[in-house]
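If you want the building blocks of each chain, they are given just below.
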Amino acid sequence: MREVAVIGIGDTKFGELWDLSFRDLGMQAGLLAVNDAKLAAEDIDALYVGNMSAGRFIEQEHVAALIADYSGLARDNIPATRIEAAGASGGLAFREGYLAVASGMHDIVVVGGAEKMTDVGDVFANEIQSSAADTQWEVVFGATFPALHAMIARRHMHEFGTTREQIAQVAVKNHKHGALNPKAQFQREIELSTVLKSPQVAEPLGVFDCAPLSDGAAAVVLCSMDKARSYTTKPVRIVASSQASDTLALHARSSITSFKSTQVAAREAFRLARKTPADVQLAEVHDNFTISEILAIEDLGFFPKGQGGKATMDGETMLGGKVAVNTSGGLKARGDPIGATGVAQIVEIVQQLRGEAGRRQVPDALLGLAHNVGGTGATAVVSLLEVA
Amino acid sequence: MATARFWRENPSRYNLKAVRCGNCGKVFFPPRAVCSVCHRKSIGKMQCMNLKGEGEVYSYTVVHEAPSQFEVLKPYVVAMVKMDEGVMLTSQLIDSDPKDVKIGMRVKTTLRRIGEDGPGGVIYYGYKFAPMKV
Amino acid sequence: MEVGIVSYGAYVPRYRITPQEIGRVWGSDGEAMSKSLMIYSKSVPAPDEDVITIATEAAKNMMRRVPGVDPKDIGALYVGSESHPYAVKPSGTIVAEAIGCSTDMTVADFEFACKAGTAAMQTCMGLVGSGMVKYGVAIGADTSQGAPGDPLEYSASAGGASFLIGAKDMIAVINHTSSFTTDTPDFWRREGQDYPSHGGRFTGEPAYFKHVTSAAKLVLKRTGSQPADYQYAVFHQPNGKFPQRVAKMLGFTDKQVEVGLLTPRIGNTYSGAVPLGLSAVLDVAQPGERIFVVAYGSGAGADGFDITVTDGIARMDRSAAPLVSHYIEDKRVIDYATYAKFRGKIRVKEEVA
C-alpha cells in the first residue's frame, strides 16, 4: 500500500441553489478541484461519486456516469463509481478513492459528492432522508430521522445528565464558525435562547438542532504521494481512512448513547496512523443533529463518554479550544447536501492544513480528522490527514 | 403499490413473530436466519416464537414535524421499548399524555392502523404501545 | 347439542364527545338533544382505529379469558359491521390472523345494520351445533358515522364485542334464538355515500318497535317464558330511551335493562351495541341467571336470544381482560374540531411530492 495525498479541492456554496441542477453542482465542484490540482482531464484515472438518493430527489440513478459525462471525463471512458451509505456516502467515496490509489490500481482519482435536495418539497425530502434508518421497522411506525436522534438525546440526558442547553450549544458554536465561512449555508451567529425556543421537531430537538436540507457538491483530487509534488506545493497526506458498520435499526444496538461504528472506525484509524486523539488539532464531525456532535466527540476519543455536553458548553471544541470541531460550520451551519458532506469535510480539513482557511484558520494545524456517519450510526468512516 | 412488501411482514406486525437462538437464547425481532452472536453455530437452531407484547420504555420523543401520512396524529409519541424477552422495538406510544411518558414505564402492544397505500390502497396494521393498565 | 358462549371480550375507544359540544357547532340545542335521546356522551375512535382494530382487541380480550383455548381450534370467524374498512376485502381475515387462527377455517364479513353481530352469533350456533366446527367467533363492531349536523351525529359511535361460541365449557348456554325479518327501509346507506340516510320517525314504530317486539314475543312463546323469568334484558339501543320503552311494552322492568344499557354513556355502537350490552351483563352475571337479548338491525330484522348463565362463569377469571365498565370510565373528552379531524370529516389536501 503506497501513500496517498490530496492535491486538489473544490466545493460549491451550500444552500437552496435554485439556479443549479444536480449536473451543474457536480460539474462545478469537480472543475474547481481539477483546476486546483492543475490537472488535465486525461490525467484522471477514475471517478468516485458519493450520493445518497438522486433516484428519489431528482428521479435519476446512475449518477457517477452522469457526472463523468458532464465533467468531460467520460470521453476518456474512465471508470466511474457511485457509492451510497446514506449520510456517509461522501466519506465512503473518499475512502474508496484512497484505497484505489493506495493499492496501486490508479494513480490519480477524483472523488466527488453531490446532492440536490430542494427539487422536491420539504416533507418528501425529509421522508427520503428517513430511508437512512430502518424503513420497515422504524420509519413505517412513525419514527422519523429526527425522532430517532431525539430518542438518543433523551437517553444521553437520562444516562449522563447532559442538559438541553449543552446540546443546544453545539448549534451556537457551529453557527459562530459558519459566520466565518463564505461558502456556508448559514453565515449568521445565533443565541442559545434562539435554539432553545425554536419550534419543536421531535422533543427535545427543535428546528435549530437539525441540519438543513441543502444543495451542494464537493470534490477532491487524490494522487499517489510520490507524484503529488508535481501538482501542488502543499500536498496533504492521507494518514488513515477507516470504516465500520453497525445494525441498521437503532433499537438493535446494546447502547444508543454511543455509535460503536464511530468508535471502531476511529480506533482503527488512530492505530493505523500511530496517533491519538490528543494529536488532532481540528475535526469535521457529523453534526446532522446537535446531539450527534456530542456523541461524536466522545466516540472519537476527544472527551470521556458522557462529558461531551460539558466540553461543548465549556468551549473546548470552539475555534481556539482544545480541538476545533466543525470550523466549517458543520452540517448545521455549513449545510448538509447528504452525499456531498463527507467530501466537503475533507475539503475543509485540507484547507486548514494548507493554512488557507482565512478567518477560521486553526493555528498550527498539523493533523485533521474527518468523521462521516450514515443513518443512526449504521455506517461510520473516520479519516486522518496531515500536512505532508 | 407496495402490497407484497407489507403483507410479508404480517406475522411479525400482527403477532410479534420473533426467533430465539437455540444456541445462546438471544431473541431477534424481526426474525432472522442466523444469530448475530453465534453465527454458524446457530444455523438450523433458530426457534420461532411470538413476543408476549409487554415491555418498558427505553427512550421516547414527541414528534411535531410529521411525514404526510401521520399529519392527523401529530404531535405523537414514538418510543423505543425493551420487551420482556430482551429485544427492543420502535413504534408509537398511544393512549398517554406526552407529559406522562417516562423512561421505565410499562407498556403493552395493541393492533392499530399503521398506514395505508393512499385512500384507495391497502391498509397496513401493526403494533403500537399503550400504557399497561394496572 | 347445547351450544353457547365459551368466552366474550369487549372494546370501546377512549375518546368522547358530548351532544352539547355537537349542538354548539351546528347551532342546535345540544342539551335538549341530549335529554331527548338520553345520551350524555358518545365514543369516538382515534384516527388509527377502525372496525378491524376494535374487533381485534375485543377478540383478544375474549381469548385472554380462556387461556386454555387454542385459537387454531377456531373453525369460523365472522365480523358484523356497517363500517368495515374495506367495501371489498374481509375484516375477518385480519382479525383471524391477529388472534392466531390457523388457515383451516372459514371467514366472512356480515352486514345487517346494527344486528350484523348477532346474525354472526346465530351462524356460529349453527356451525357448532351441527358439529361442523369446534369453536366459532362472532364479532359485532362499528365506527359508525352520522352526517355533520344530522340527529344521527349525536348518537353514532364506535365500539365492539366478540363471542366465542362452542359446545363445551360454556359460561352461558344459548337456549334459543328466533328472528323476525321483513323488508323495511327505515335506515340505509347507498354504496359510495359517506353518510347514511334514515326515515325520521318511520324508524320508530314500524321499524324498531315492530321488529323488536315481534322477535321478543317469538322467543317468549317458543321458550314458554315470561319477562319476570329473566334477571337481565339487553335490547338494541339506538338511544337511551327506546330500550326502556320497548321493555315496558313487553313487560320488562328498568332494573332488568339497566346493566346492559350503555348507549347513554358511549352512544350507539351499532353492530357493537347489543354485543357490548351483553358483555356488560356477562361481566357481572352469576350462575343460573337468565338473560333476554333482542338485537335490531334496520332494513329490517330483530334477533332474539334466551340465555342461561352456567357455573362455568364462576370458574372464569373475568378480570383477565378489561371489563366493559373499565372502557366506559377510561375516557378523554374532545372538542368538535378534534372529532372532525379524527373522523376524516375535514377535507385534506392530497400530498404532492
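The preceding data block contains the structure.
Residues numbered from 1 in each chain as written. Chains lettered and ligands numbered in written order. Predicted model: local features only at pLDDT ≥ 70, side-chain atom pairs only at ≥ 80, totals over all residues. Heavy atoms only, no water.

Caption draft 1: Up close: the side chain of A:Ser242. All names here are of chain A. Inspection of the secondary structure puts Ser242 in strand β8 (residues 236–245). On the basis of relative accessible area, Ser242 is assigned to the buried category, the value being 3%. Every residue in contact with Ser242, bar those within four places of it in the chain, is listed here: Arg95, Ala265, Glu268, Ala269, Leu272, Ala380, Val381 and Val382. (Helix = DSSP H or I, 4+ residues; strand = E, 2+ residues; numbered from the N terminus. Buried < 20%, exposed > 50% of the residue type's maximum accessible area, 1.4 Å probe, protein only. Contact = heavy atoms within 4.5 Å.)

Caption draft 2: Broad picture of the sheet that holds strand β14 (residues 332–333) of chain C. Residue and element names in this part refer to chain C. As summarised here, the arrangement of the three strands in space is β3-β2-β14, forming an open sheet in which the pairing is mixed. Strand pairing shows two members of the sheet lacking a second neighbour, β3 (42–44) and β14, which therefore form its edges. Alignment of strand β2 (residues 15–17) against β14, held across two bridges, turns out to be parallel. Counterpart to Arg16 in the pairing with β14 is Val333. (Pairing = 2+ DSSP bridges.)

Caption draft 3: Quick peek at the interface of chain B and chain C. Taken together, the contact between chain B and chain C spans 22 residues of the former and 25 residues of the latter. Buried surface at the junction of chain B and chain C, summed over both partners, amounts to about 1,900 Å²; 52% is from carbon and sulfur atoms. By the criterion of area lost to chain C, the three top residues of chain B are B:Tyr14, B:Leu111 and B:Arg112, representing 26% of everything that side buries. Put simply, the parts of the chain that give the side of chain B that touches chain C at least two residues each are α2 (10–15), β7 (106–116) and β8 (123–131) of chain B. (Buried area = accessible area lost by both parts, 1.4 Å probe.)

Caption draft 4: View of the side chain of C:Ser91. All names here are of chain C. Structurally, Ser91 is set in helix α4 (residues 91–98). For Ser91, a relative accessible area of 1% puts it in the buried group. When residues no more than four places from it in sequence are discounted, the contact partners of Ser91 are Val51, Ile52, Val79, His84, Pro85 and Asp109.

Caption draft 5: Highlighting helix α6 (residues 145–160) of chain A. Residues and elements named next belong to chain A. For α6, which comprises 16 residues, the first-to-last C-alpha distance of 23 Å matches the rise-based estimate of 22 Å (1.5 Å per residue) to within 8%. Counting buried positions along α6 gives twelve out of 16 residues, so the element sits mostly inside the fold. Of the residues flanking the end of α6, it is Gly161, one or two places downstream, whose phi is positive at about 75°. (Expected span 1.5 Å × (residues − 1).)

Caption draft 6: Molecular detail of the interface of chain B and chain A. With 32 residues of chain B at the contact, the number on the chain A side is 28 residues. When the two sides are added together, the surface that chain B and chain A hide from each other amounts to roughly 2,700 Å², 60% of it contributed by carbon and sulfur. Per-residue buried area on chain B facing chain A is highest for B:Tyr58, B:Glu65 and B:Thr90; these three make up 20% of the total on that side. The tally of links between chain B and chain A comes to zero salt bridges. Taken together, the links from chain B to chain A amount to 14 residue pairs in polar contact (both at pLDDT 80 or more). Looking at the side of chain B that touches chain A, the elements with two or more residues in it are α1 (3–7), α2, β4 (54–63), β5 (76–83) and β6 (88–93) of chain B. Per element, the largest residue contribution to the side of chain B that touches chain A is six residues, and it comes from β4(B). Residues that form the side of chain B that touches chain A fall into these classes: 19 nonpolar, nine polar and four charged. (Salt bridge = Lys/Arg side-chain N within 4 Å of Asp/Glu carboxyl O. Polar contact = N/O pair within 3.5 Å; in protein donor to acceptor, adjacent residues only side chain to side chain. Nonpolar A, V, L, I, M, F, W, Y, C, P; charged D, E, K, R; others polar.)

These figures come from the coordinates and say nothing about function on their own.
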